[in-house]
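Residue-level listing of the chains:
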Amino acid sequence: MTKITGLSDLTQIKSAYLDEMGQYEHQILLCAGAGCISCGCSKVSQQLTVELQELGLEQRIKVVETGCIGLCSLGPVMLILPERIFYVNLTPESLRTILTSHFLNSTIAEKWCYRDPQTKKYIPTIDEIPFYKHQVRIALEGCGSIDYSSLEAYVAMDGYATLYKALTSMTPQQVIDEVKASTLRGRGGGGFPAGVKWQAGRDAVGDQKYIVCNADEGDPGAFMDRSIIEGTPHKLIEGIILAAYAIGASHGYVYIRAEYPIAVNRLSAAMDQARAAGLLGCKLFDSEFEFDLEIRIGAGAFVCGEETALMESIEGHRGEPRQKPPLPFQAGLFGKPTIINNVETLANIPYIVQNGAKAYTKYGTPSAPGTKVFALAGDIVNAGIIEVPIGMPLRKIIFEIGGGLIGGKAFKAAQVGGPSGGCITAADLDVPMDYMDLMLKGSIMGSGGLIAMSRDTCMVDTARFFMDFVQDESCGKCVACRIGTKRMLEILERITRGKGREDDVDRLIEVGNVIKDTAMCGLGQTAPNPVLSTIRYFRDEYDAHIVDHRCPAGNCKAITIFEIDPSSCIGCTLCARHCPAFAITGEKKEPHVIDPKLCISCRACYDACRIGAVHPTKREAILG
Amino acid sequence: MSLDNLTCGCNHGDTEEEKYARIAQVIDAYKDKEGNLIMILHAAQEIYGYLPLELQKFIALRMGIPLSKVYGVVGFYSFFSTEERGKHTIHICMGTACYVRGASKLVEAFEDRLYVKVGGVTADKKFTLDVARCIGACGLAPAIMVDDDVYQQVTPASVGSIVSNY
């Protein structure tokens, strides 16, 4: 790789890459996001090469492996350019049919395209699929549309041109002013204005300053940052260098989870390329600015996503939070002024610096402009990664982009913001997904995990699940979090076992509020949120468990048993075939019966029944 | 020798001494990096398989830091193990999405299949069964990881075939 020292180098790389791609009639973008990798895209990729050769198409068609295209639940997927036809659920066996039809017979292989669950119609063009139609891609731009492993491909989408512009024609203060004017708020969960933070970093006095990228994406149900790193590692690097230039840091760290081996590999490969191209580790674009970047891998501690704990961990210590103040910009990593930004925040920076704050504030709401990346998961049809303007109503996200709930089940609640967040109920589906509006509903924007839940999810058990998580991940440094979360967990556990006491809900609220007020770090202060939020909206479910010893969702095994309604059972035998305990008996076309003594409350029959004849019921009522 | 070669886990036939020697080389290579302890422990675990007290003593001595410091860090992070692990590690994801889609049923299925509880090692030392915090494959829940391979939309019925891959 030759060194990139000026605009002409960038232009040359860009045109060379575009020329090379222009030799091909088509490009096949094959998703190699972590999701598609786990459903076998590498086999599809190998087979694709074989098939293209056998069909004599290899000269006409270029296969490009990209980061996450977004629709993870239908993976492996591929997008064919320039016609933008999207094929889903690929298998090595299906490729021959698709390629023959598409390229040799010029007919779209509709059967392998996206099928709208509501209209049952096939939608071959990616831009017409509701999942993509409503998205605006800024942080995710390039993710799923370029070769993640190629510096040239990133330069071809004008990557590193922003860095050139900033270094050659903007002062650090001008960069900060642009970010300030964009009102970009931290996307990691805190929501603190990034420009203000940078200004503090710039103004801090010190011979050495650090920029740290927080890629310790630990919230269960969140995989936004992972997608950005795996799809466009160079964009993250560019964002980090811009931040470093703005605050005056000569060294940076990316702190990334050990659970993300693919992201670590792709980022370190991209960093090697950038270093070889003279974009890291030496003076950039013949300016006086010099910067280098290093990866630090976590070791499985959720609390290290908290900024002071993260710094402790980079320093090689136990990841226990520090008392604030001093704030990181005063005395952070190794005691030096440090600015810590989340991956998604930094991925927005190149766009803002390149296009100006005005272009960015076109999207979103006045108080929170721009876009937010969400990870849709749970009982939702189109699980995957989306980026939408801030302020989009939850209803649109769940039902238009997300395609509604699996099996057409009724929507009960969405859990937003993971273990620090809360739930949004069906009554609040029209709430705009904005920092302020979500806070008023007792939730937070958080880092972007969005889990849809149906009537089959017990809210008490969900609260218990999150409390189990934070209790386990509590570092134990402060009493409020160490003991408080344990006590809350114990109470929740006994409620789900039907042993709840009358004053348990009041006690949960009391303990929760004390933890919120007195815990040392963000993990502790937000830990009670899921419990307080479910109490606020689903008090009736708590009461049903405590007073009536009944789990309305049929989730809590200790107090639930299943029954078949003889008047609606059609005797299809499906439930009996699914029952692992052989507890269901009955003749074909006759109503079936569950033996309560054998039933292990595993819900297999409930999930299997297609006509809703199986019901959860109170264990006490049947077995005493 | 590059660091990649040092930490490559494929030399399972190495003797105790050879492993210790490689760990010593890693420590020397990272010597000048600030805050290097966690990186060294990652590499040491990769080479040795786990971090028994003897090895922790060796690392502390070679780095010139108190054993209490090494022990404290090892104990804090869930990725570090002080007990011998199976040849393969099965991580069942217990993230929210997987949990909602039935991850706890998978735990039972793996426990039944391997005759081992979560956290334990199978009698033939082939598998360590563990649960993981969200592995970020939420779009494909419930998901599990065997070493670095991710399996998506796993059902209790598919547990047998996954185990037989190893």
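First, a word on what this report is: a plain description of the structure on this page. (Residues numbered from 1 in each chain as written. Chains lettered and ligands numbered in written order. Predicted model: local features only at pLDDT ≥ 70, side-chain atom pairs only at ≥ 80, totals over all residues.)

**Remarks on the sheet that holds strand β4 (residues 149-151) of chain B**
Residues and elements named next belong to chain B.
- Taken in spatial order, the four strands make up an open sheet running β2-β1-β3-β4, and their pairing is mixed. Because the sheet does not close on itself, it has two edges, and the strands there are β2 (127-132) and β4. Sheet twist, expressed as the average angle between the axes of neighbouring strands with direction ignored, equals 20°.
- Judged from the three bridges that link them, strand β1 (residues 88-93) and strand β3 (residues 144-146) form a sheet pairing that is antiparallel. Counted as the bridge partner of His 91 is Met 145 from β3.
- Sheet strands in contact with helix α7 (residues 103-114) are β1, β2 and β3, and its direction is about 150° off that of β1. (Pairing = 2+ DSSP bridges. Helix = DSSP H or I, 4+ residues; strand = E, 2+ residues; numbered from the N terminus. Axes fitted to C-alpha atoms, helices over the stretch in contact; angles between N-to-C directions. Contact = placed C-beta atoms within 7 Å.)

**Brief notes about the environment of B:Arg101**
- The topology assignment puts B:Arg101 in the loop between α6 (96-100) and α7.
- Counting along the chain gives 42 residues from B:Arg101 to B:Ala143, while the straight-line C-alpha distance between them is 9.5 Å.

**Observations regarding the pairing of strand β3 (residues 78-81) of chain A**
Residue and element names in this part refer to chain A.
- Here four bridges tie strand β1 (residues 26-31) to β3, and the two strands are oriented antiparallel to one another. Note on β3: the bridge partner recorded for Leu 29 is Leu 79.
- Pairing geometry for β3 and strand β4 (residues 85-87), over three bridges, is antiparallel. Note on β4: the bridge partner recorded for Ile 80 is Ile 85.
- Here β3 folds back onto β4 in antiparallel fashion, the turn holding three residues, of which Arg 84 has a positive phi close to 60°.

**A few points about the packing of helix α10 (residues 224-231) of chain A against helix α14 (residues 343-361) of chain A**
All names here are of chain A.
- For the pair α10 and α14, interaxial distance at closest approach is 9 Å and the crossing angle is 45°. In terms of axis orientation, α10 runs oblique to α14. Residues Met 224, Asp 225, Ile 228 and Ile 229 of α10 pack against Val 343, Glu 344 and Ala 347 of α14.
- Taken together, the residues of the contact of α10 with α14 sort by class into five nonpolar, no polar and two charged. (Parallel < 35°, antiparallel > 145°, perpendicular 65-115°, else oblique. Nonpolar A, V, L, I, M, F, W, Y, C, P; charged D, E, K, R; others polar.)

**Structural notes on unusual backbone geometry**
- The step from A:Gly75 to A:Pro76 runs through a cis peptide bond, and the omega angle for that step is -5°.
- Of note, A:Pro76 is situated in the loop between β2 (61-66) and β3.
- Phi angles above zero are rare outside glycine, and A:Thr573 is one such case at about 70°.
- Residue classification places A:Thr573 among the partly exposed residues on the basis of 16 C-beta atoms within 10 Å.
- Positive phi outside glycine occurs at B:Lys125, with the angle close to 60°. (Buried ≥ 20, exposed ≤ 12 C-beta atoms within 10 Å, placed from the backbone.)

**Some remarks on the environment of A:Gly248**
Residue and element names in this part refer to chain A.
- Tracing the backbone shows Gly 248 in the loop between α11 (233-247) and β8 (251-256).
- Here Gly 248 falls in the partly exposed class, since 18 other C-beta atoms lie within 10 Å of it.
- Along the backbone, Gly 248 and Ala 16 are 232 residues apart, and their C-alpha atoms lie at a distance of 34 Å.
- Ignoring sequence-local partners within four residues, the contact set of Gly 248 consists of Pro 172, Arg 202 and Lys 209.

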